[in-house]
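One-letter residues, chain by chain:
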Amino acid sequence: RCGAAVPPEILSAQTLFFGDMQNPAKAKLILIRGEGMEGLSFHLKAEQHVVGRSGQLVFPDDLFVSPKHANFFYRDGKLVVRDEGSLNGVYIRVRGTVEIQAGDVFLAGEQLFRLEATPRATDGQDPDGTYFYSSPKHPSPFRLVQVFQGGAMGMIVCARGTSLQIGREGSDLNFPIDLYMSGAHCKIEESGGKFTLTDMSSRNGTYMRIKAERELGHGDYVFVGRKLLRVELNTN
């Protein structure tokens, strides 16, 4: 009313958002591949965000997601993802070239591989002096094992030289019917007893399984079960 003092509740009022989507978060996850749920956004506003068949980010339809699969949380202002002991692990898209060790697992297209050092030779003589007859053997610094659903081994390919390339065609290891595999997808290289994994600008990317936890950056891609998530950080 004219001449009346402004009520305290009006003086202390704050502007409200039209919706929760406008409420800024430090980061958000965009679902890129998710069986018809593509484009869904998850705003990471809390300190921790458990992903699984139960938790804060729930994917009950994904049978490859453990009940408590991963946790996205903040540490010193940085977004970190931690594998919570899941059966199938958490995979991060490779940017360029990264180090890889024997026993590490990675995804290319729809294929899952494990890097292994070449087994120690066991082709000596039997006690009676006889040698085992076999195919000619070539020196090889490492081998790749294809891992099938359930953990069974598929193809085992030994590198003939210091590198082995994977792709749909024209590579050392080809998967012509894998629609998610690029012609030249990725390669493993050995130098001085150390190994590197390089994504060869593939369309769908190459993903390495993390061993415990990993700090995330803007634009990173993360596989959890069959769900592919893109990380977007609020840089304002």
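Residues numbered from 1 in each chain as written. Predicted model: local features only at pLDDT ≥ 70, side-chain atom pairs only at ≥ 80, totals over all residues. Heavy atoms only, no water.

**Student:** How should I be thinking about the overall build of the protein in this particular structure?
**Tutor:** When helices and strands are counted, the protein shows one helix and 20 strands. Expressed as a percentage of the 236 residues in the protein, the buried residues total 36%. In the protein, of all internal contacts separated by at least 6 residues, the share reaching a separation of at least 24 is 49%. As presented, the protein carries roughly 14500 Å² of accessible surface, and 52% of it is formed by carbon and sulfur atoms. (Helix = DSSP H or I, 4+ residues; strand = E, 2+ residues; numbered from the N terminus. Buried < 20%, exposed > 50% of the residue type's maximum accessible area, 1.4 Å probe, protein only. Contact = heavy atoms within 4.5 Å. Areas by Shrake-Rupley, 256 points an atom, 1.4 Å probe, with all protein chains shown as cover.)

**Student:** What is the right way to look at the pairing of strand β6 (residues 78-83) in this model?
**Tutor:** Two faces, one strand: in a regular strand the side chains alternate between the faces of the sheet. By the bridge criterion, six bridges tie strand β5 (residues 70-75) to β6 in an arrangement that is antiparallel. Bridging from a neighbouring strand, Arg 75 pairs with Lys 78 of β6. The antiparallel pairing of β5 with β6 creates a hairpin that spans two residues between the two strands, and Asp 76 there sits at a positive phi of about 55°. Bridging between β6 and strand β18 (residues 213-215) involves three bridges; their strand directions are antiparallel. Opposite Val 81, over in β18, you have Arg 214 as the bridge partner. (Pairing = 2+ DSSP bridges.)

**Student:** It is not clear to me how the sheet that holds strand β3 (residues 48-52) should be interpreted in this structure. Could you clarify?
**Tutor:** Within a sheet, neighbouring strands are paired by backbone hydrogen bonds and run either parallel or antiparallel to one another. Taken together, five strands build an open sheet; the order of strands is β4-β3-β5-β6-β18 and the sheet is mixed. What marks the edges here is a single partner per strand, and that holds for β4 (57-58) and β18. Looking at chain direction, β3 and β5 are connected through four bridges and run antiparallel. Bridge pairing in β5 links Val 50 to Asn 71.

**Student:** Sorry if this is basic, but what is going on with the pattern of salt bridges here?
**Tutor:** Side chains bearing opposite charge may pair, as long as their charged atoms lie close to each other. Scanning all chains against the criterion turns up 14 salt bridges. For Lys 227, the salt bridge goes to Asp 61, with nearest N and O atoms at 3.7 Å. Of the two residues, Lys 227 sits in strand β20 (residues 227-233) while Asp 61 sits in the loop between β4 and β5, which places them 166 residues apart along the sequence. The exposure class assigned to Lys 227 is buried, which follows from its relative accessible area of 0%. Asp 61 sits in the partly exposed class, given a relative accessible area of 43%. Here Lys 227 and Asp 62 are joined by a salt bridge, their closest N and O atoms 3.3 Å apart. Taken together, the positions of Lys 227 in strand β20 and Asp 62 in the loop between β4 and β5 put the pair 165 residues apart, joining distant regions of the chain. (Salt bridge = Lys/Arg side-chain N within 4 Å of Asp/Glu carboxyl O.)

**Student:** Can you walk me through the packing of aromatic side chains in this structure?
**Tutor:** For the structure on display, the rule yields five aromatic pairs. Measuring from centroid to centroid gives 5.0 Å for Tyr 207 and Phe 223, while their planes differ by 70°, and the two rings are edge-to-face. Of the two residues, Tyr 207 sits in strand β17 (residues 206-209) while Phe 223 sits in strand β19 (residues 221-224), which places them 16 residues apart along the sequence. Note on Tyr 207: relative accessible area 3%, which makes it buried. Members of the aromatic cluster, each reached through a chain of ring pairs, are Phe 106, Phe 113 and Phe 175. (Phe/Tyr/Trp six-rings, centres within 6.5 Å; stacked < 30°, edge-to-face > 60°.)

**Student:** Explain the side chain of His 49 to me, please; I cannot follow it from the model alone.
**Tutor:** Looking at the secondary structure, you find His 49 in strand β3. Aside from chain neighbours lying at most four places away, what touches His 49 is Leu 44, Gln 56, Leu 57, Ala 70, Asn 71, Phe 72 and Tyr 74.

**Student:** I keep staring at the sheet that holds β20 and nothing clicks. Help me out?
**Tutor:** Taking strand neighbours across the sheet as the criterion, the 10 strands line up as β2-β1-β20-β19-β7-β17-β9-β10-β11-β12 in an open arrangement whose pairing is antiparallel. Both outer strands of the open sheet, β2 (41-44) and β12 (153-158), are each paired with one neighbouring strand and no more. Direction aside, the axes of adjacent strands within the sheet are offset by 30° on average. (Axes fitted to C-alpha atoms, helices over the stretch in contact; angles between N-to-C directions.)

**Student:** Is there a simple way to explain the side chain of Asp 62 in this structure?
**Tutor:** Asp 62 gets classed as buried once you look at its relative accessible area, which sits at 3%. Of the polar contacts made by the side chain of Asp 62, one reaches the backbone nitrogen of Phe 64; its length is 2.9 Å. Among the polar contacts made by the side chain of Asp 62, one reaches the main-chain amide nitrogen of Arg 226 at a distance of 2.8 Å. Dropping the residues within four chain positions of it, Asp 62 is found in contact with Arg 53, Val 224, Gly 225, Arg 226 and Lys 227. (Polar contact = N/O pair within 3.5 Å; in protein donor to acceptor, adjacent residues only side chain to side chain.)

The quantities given are spatial measurements derived from coordinates; they are silent on function.
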